[in-house]
Structure formats: structure tokens, C-alpha cells
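One letter stands for each residue in the lines below.
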Amino acid sequence: MSDSRRTFLTGAAVVGAAAVGYAVGVGGKGGKKATPSAPAINKNEAVSLKMQASWGGGIFLENAKSYVDRVHAMAGKDLKIDLLAVNAVVKTSQMQDAVHRGVLDAAHYVPAYWYSKSKSASLFGTGPCFGWSSQEVLGWAHYGGGMELFNELMESLGLNVVSFFNSPMPAQPLGWFKEEIKDASQMDGLKYRTVGLAADVLMEMGMSVVQLPGGEIQPAMKSGLIDAAEFNNPTSDRDFGMQDVSKDYHLASFHQSQEFFEVTFNKKKFNALPSELQAILRHASEAESSNFYWHNTKRYADDLVRLQNESGVKVHRTPDSVMAAQLKAWDVVVDRISAEDPFFAKVIESQKAYAKDVMNYLNLNQPDYKLAYNHHFG
């Protein structure tokens, strides 16, 4: 670790400790801890926000920084975001509560990281695939009623946050195994790492699921705590060193075939900002969506080649039979949770209505890109 990196993390920890100390020192009703209401911000005063990311390094921390850079480019001297790495102030599992309480002003993560509060959280990014990709799920969020439903969920949970979604991720690989998976029966009984609602789906398929943060995946597989694992993409997987514990890498899966980032802000702090700065935070999120896709797909493609050529990784496409079994497992999980949770069922109904119309058009209109690819490179 470079001296500058150490300085950055040390400084982040000092700021975090001060923030935590301040929050704990203020009492609320019923013995609960609370921060005072945010005062209105003078338009002539520069605003500084503390944002913690769920990422300690690698491409996702670069993506978080890219969002921050866009905010700075638009806001100039009027707004500064201090981006802190994972665990700088609180643990990842505590980030949403920290933003809610005002210990943090903002966070950069994914909804699957707080889905223990509501399984509906996973529907905003890592839900069942209705024939759509992350791009179309973001379309549903912005133009199909998704954000209204998300805000309804936040209100029902009593969370004092404002969130924006961005950065449509390609489908996540099924992941790393000790042998090539040719049939779903090979997955039965395997100890497997994933997060969010995907855990329910793969348990329905007979797997034993362990939910671990990214940095713990490779050591867990190396020690035998887990038999197989996924995280997100070839670049992050390569950075984690997954190629050192497995040589069989399966691409394509429906367990998390669409996901994106959530950028969340303390609602009182956000509402106190001038409308121009609120718009910058919102529109920088939209701009980062395009940049993320252009930037990350190229990096993922390059690192997949490196995994194959430099590390001897055998890349397999997950068999259609396995993915068909995943879809059946999704049906069981969705039906079970929908029967227990009317709001979950309401979100599913909204998503299906959007996907049915939008994907009907896209499926009819889009040519078979693989046919063209094979014409030139096959």
C-alpha cells in the first residue's frame, strides 16, 4: 500500500471516528440515538458530504470515484464529496443505518447489502429475470414506477434516505467451481457464496449458501469453508485472486442477471441542499450509468482474456439446463415470498407488466447480434 493510500485511509478513519462520536452524543426520544435536523444550507456556502463506499479498492471503488468526479465537475466549488473506502466509518452492513442517522451523509453500495430488512430490496437490482437486463430494470425504475415503489418501501421501513440507481451491470457469472458444471445435480449440496435474494434461489436448488463480503471470498474457498463462489465480474474476481483457488469459471447465470449501484443520501441533508445541487447529485448518477457500462465492459473483456491466457482459467458458459433450473427455483421463491408479503407481490406485478411490453418490442426488433459476431469472428 502506498504512503498516500495509507494517509487517505488513516484520515478517513479519523473523520469517521469523529462522526460516530458526534452522533452517539445526541439523545433522541425513547432512549434512541439521533442527530439533530439538518439546517437549511446557505447557497453561498460550500457544502461537504461524507460518502462511504462498500468497496476497499478495485474497479467498484473506481466507479464510486467516477460518480464523485462528475459531481465535482458540475458543482465546482459549491459541493465536495469526501469519498471513504469500505469500513472507514462503519461496516458495510451498517451503512444504510449510518446514512439514515446522519453518521454518514451518503453511501455507495447495492440494495442486496441491506436486504435483510426487506426481501423486496433485492427486487431493486437482483430480482428474478423477466427476460430483461440491467438496462431495462433501470428503465422500469425511472419510467415504470420503480422509484415510486422504492420510496414507498423506504417510508414503510422508516428510513430517512434519498436514493438514486445507476451503473447497469452485465449479468453476473455463475462463478468459480472445483470442476466444470455440466448438470444442475452437480450443484446439490455445494457450499456456495452469494448475496441477496439469489441466496434463496440457490438454496432452493439444493446448495448451502454462505453470504460473505467480497474480500473474504477467496480465503474462504482456499480454506475449504466454501466449495464455490461468485462475486460480480472478471475484473473483480481476478483482483481477488480467484484464479489461484479455481480454474473452472462459469459465465452466464440467472441468479443475479441484473444489478446496479445505489447511491443514497441522508434525506434531511439532501433536502437542505439548494435545488441546483440536488439536481447535480441526481443527474451525475444518470451520467455515470453510461460511463460505467462503456468503461467496465471493456475492462471485464480484457481481464477475462488475461484469466485465460495468463492464469490458465477454463471459461465455460453455464449450460442452459442449469439456467432453466434457476428459473424454476426463482418461480418457487417468488411465489412463496409474494404469498407472505403483499408489497413484494406488488413490485413483482409492476416489473412483469413493464418487462412484458418493453421486452416484447426489443425481442422483435433486435437482430441476433451473436449471428453477426460469428459471421466475423466465429
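For every chain, the first residue of its written sequence is number 1, and the numbers climb from 1 along that sequence. Residue-level local features of this predicted model are given only where pLDDT is at least 70; pairs of side-chain atoms are given and counted only at 80 or more, and the full residue set underlies all totals for whole chains, interfaces and linings. Calculated side-chain values reflect all of the structure's heavy atoms, with hydrogen atoms and water omitted.

## Some thoughts on the overall build of the protein chain
1) Next: Per the convention used, a helix needs a DSSP run of H or I reaching at least four residues, while a strand needs a run of E reaching at least two, with both numbered from the N terminus. Summing up its helical and strand segments, the protein chain has 13 helices and eleven strands in all.
2) Next: Relative accessibility thresholds used throughout: buried, under 20% of the residue-type maximum; exposed, over 50%; partly exposed, between the two (1.4 Å probe, protein chains only). A burial count over the protein chain gives 49% of its 378 residues as buried.
3) Next: Within the protein chain, counting contacts between residues at least 6 apart in sequence, those at least 24 apart form 78% of the total.
4) Next: If you sum the accessible surface of the protein chain, you get close to 17,700 Å²; carbon and sulfur atoms cover 53% of it. We call two residues in contact whenever any of their non-hydrogen atoms come within 4.5 Å of each other. We get accessible surface area from the Shrake-Rupley algorithm with a probe of 1.4 Å; when it comes to residues, only the shown protein chains can shield them.

## Overview of the sheet that holds strand β2 (residues 79-84)
1) Next: For two strands to be treated as a pair, DSSP must find at least two bridges joining them. Pairing is mixed across the open sheet formed by five strands, whose spatial order is β2-β1-β3-β10-β4. In the strand order of this sheet, the two ends are held by β2 and β4 (161-169), each with one partner. Ignoring which end each strand starts from, the neighbouring axes of this sheet average 20° apart.
2) Next: Looking at chain direction, strand β1 (residues 47-53) and strand β3 (residues 106-109) are connected through three bridges and run parallel. For glutamine 52, the partnering residue across the bridge sits in β3 and is alanine 107. Only the stretch in contact is used when a helix axis is fitted, and all axes are lines through C-alpha atoms; the angle between N-to-C directions ranges over 0 to 180 degrees.

## A look at the packing of helix α2 (residues 58-75) against helix α10 (residues 275-311)
1) Next: Following both chains from N to C, one finds α2 and α10 inclined at 140°, their axes separated by 8 Å at the closest point. Taken together, the axes of α2 and α10 are oblique relative to one another. For the element pair α2 and α10, the recorded crossing hand is right-handed. Under this scheme an angle from 65 to 115 degrees is roughly perpendicular, one under 35 degrees roughly parallel, and one over 145 degrees roughly antiparallel; angles in between are oblique. Crossings are sorted by hand: turned counterclockwise from the far helix by less than a right angle, the near helix makes the crossing left-handed, and turned clockwise it makes it right-handed.

## Comments concerning the packing of helix α11 (residues 320-340) against helix α12 (residues 342-365)
1) Next: In the contact formed by α11 and α12, the axes pass within 5 Å of each other and the chain directions differ by 130°. Here α11 is positioned oblique relative to α12, judged by the angle of their axes. Contacts between α11 and α12 involve Val334, Ile337, Ser338 and Glu340 from the former and Pro342, Phe344, Ala345 and Ile348 from the latter.
2) Next: Amino acids outside the nonpolar list (Ala, Val, Leu, Ile, Met, Phe, Trp, Tyr, Cys, Pro) and the charged list (Asp, Glu, Lys, Arg) are all regarded as polar, and Gly is one of them. Taken together, the residues that form the contact of α11 with α12 break down as six nonpolar, one polar and one charged.

## Description of the pairing of strand β9 (residues 248-251)
Here is the key point about a regular strand: its side chains alternate between the two faces of the sheet.
1) Next: Bridge count between strand β5 (residues 175-177) and β9: three bridges; the pairing is antiparallel. Within β9, the position partnered with glycine 175 by the bridge is histidine 250.

## As for the layout of surface pockets
1) Next: By volume, the largest pocket amounts to about 1,400 Å³.
2) Next: Looking at the largest pocket, it is lined by 34 residues, and the ones nearest its centre are Pro170, Ala171, Ala252, Tyr293 and Arg317.
3) Next: Listed by contribution, the elements that provide at least two residues to the lining of the largest pocket are α4 (134-143), β4, α10, α12 and α13 (369-377).
4) Next: The biggest single contributor to the lining of the largest pocket is α10, with five residues. Of the grid points, spaced at 1 Å and generated over the protein atoms alone, those admitting a 1.4 Å probe that cannot get out make up cavities, while open sets with protein on both sides within 12 Å along at least five of seven lines make up pockets; any residue with an atom within 4 Å of a point is treated as lining. Grid points are joined across faces, edges and corners, and a volume is the space filled by probe spheres set on the points.

## Points about the environment of methionine 359
1) Next: On the secondary structure map, methionine 359 appears in helix α12.
2) Next: Expressed as a C-alpha distance, the spacing of methionine 359 and tryptophan 132, which sit 227 residues apart in the sequence, is 6.6 Å.
3) Next: Filtering out sequence-adjacent residues up to four positions away, methionine 359 remains in contact with Phe130, Gly131, Trp132 and Glu136.

## Things to note about α10
1) Next: With 37 residues, α10 should cover 54 Å at 1.5 Å per step; its first-to-last C-alpha distance of 51 Å lies within 8% of that length.
2) Next: The first or second residue beyond α10 is glycine 312, which carries a positive phi of 70°. Expected span of a helix, by definition, is 1.5 Å for each gap between consecutive residues, and there is one gap fewer than residues.

## Brief notes about the environment of lysine 117
1) Next: Relative to the assigned elements, lysine 117 resides in the loop between β3 and α4.
2) Next: In the structure, lysine 117 is positioned 40 residues away from leucine 157 in sequence and 8.1 Å away in space, judged by C-alpha atoms.
3) Next: When near neighbours in sequence (up to four residues on either side) are disregarded, lysine 117 contacts Gln96, Asp97, Leu157 and Leu159.
4) Next: We call two N or O atoms a polar contact when they sit within 3.5 Å, provided that within protein one can donate a hydrogen and the other can accept it, with sequence-adjacent residues counted only if both atoms are side-chain atoms. Separated by 2.7 Å, the side chains of lysine 117 and glutamine 96 make a polar contact.
5) Next: Side chain to side chain, lysine 117 and aspartate 97 meet in a polar contact 2.6 Å long.

## Considerations on the pairing of β4
1) Next: Within β4, nine of the nine residues are buried, leaving the element largely enclosed by the surrounding structure.
2) Next: As defined by bridge partners, β4 adjoins strand β10 (residues 259-266) across seven bridges and the pair is classed as antiparallel. Within β10, the position partnered with methionine 169 by the bridge is glutamate 259.

## Some words on the side chain of aspartate 303
1) Next: As for its placement among the helices and strands, aspartate 303 is situated in helix α10.
2) Next: Of the polar contacts made by the side chain of aspartate 303, one reaches the side chain of threonine 235; its length is 2.7 Å.
3) Next: Ignoring anything within four residues of it in the chain, the contact list for aspartate 303 reads Pro234, Thr235 and Arg238.

## Re empty space enclosed by the protein
1) Next: Inspection of every chain in the model, using the stated rule, returns one cavity of 30 Å³ or more.
2) Next: As a volume, the largest cavity reaches approximately 90 Å³.
3) Next: For the largest cavity, the lining is made up of 13 residues, of which Val110, Tyr113, Phe231, Asn232 and Glu259 are closest to its centre.
4) Next: Grouping the constituent residues of the lining of the largest cavity by class yields seven nonpolar, three polar and three charged.

These values are about where atoms sit, not about what they do.
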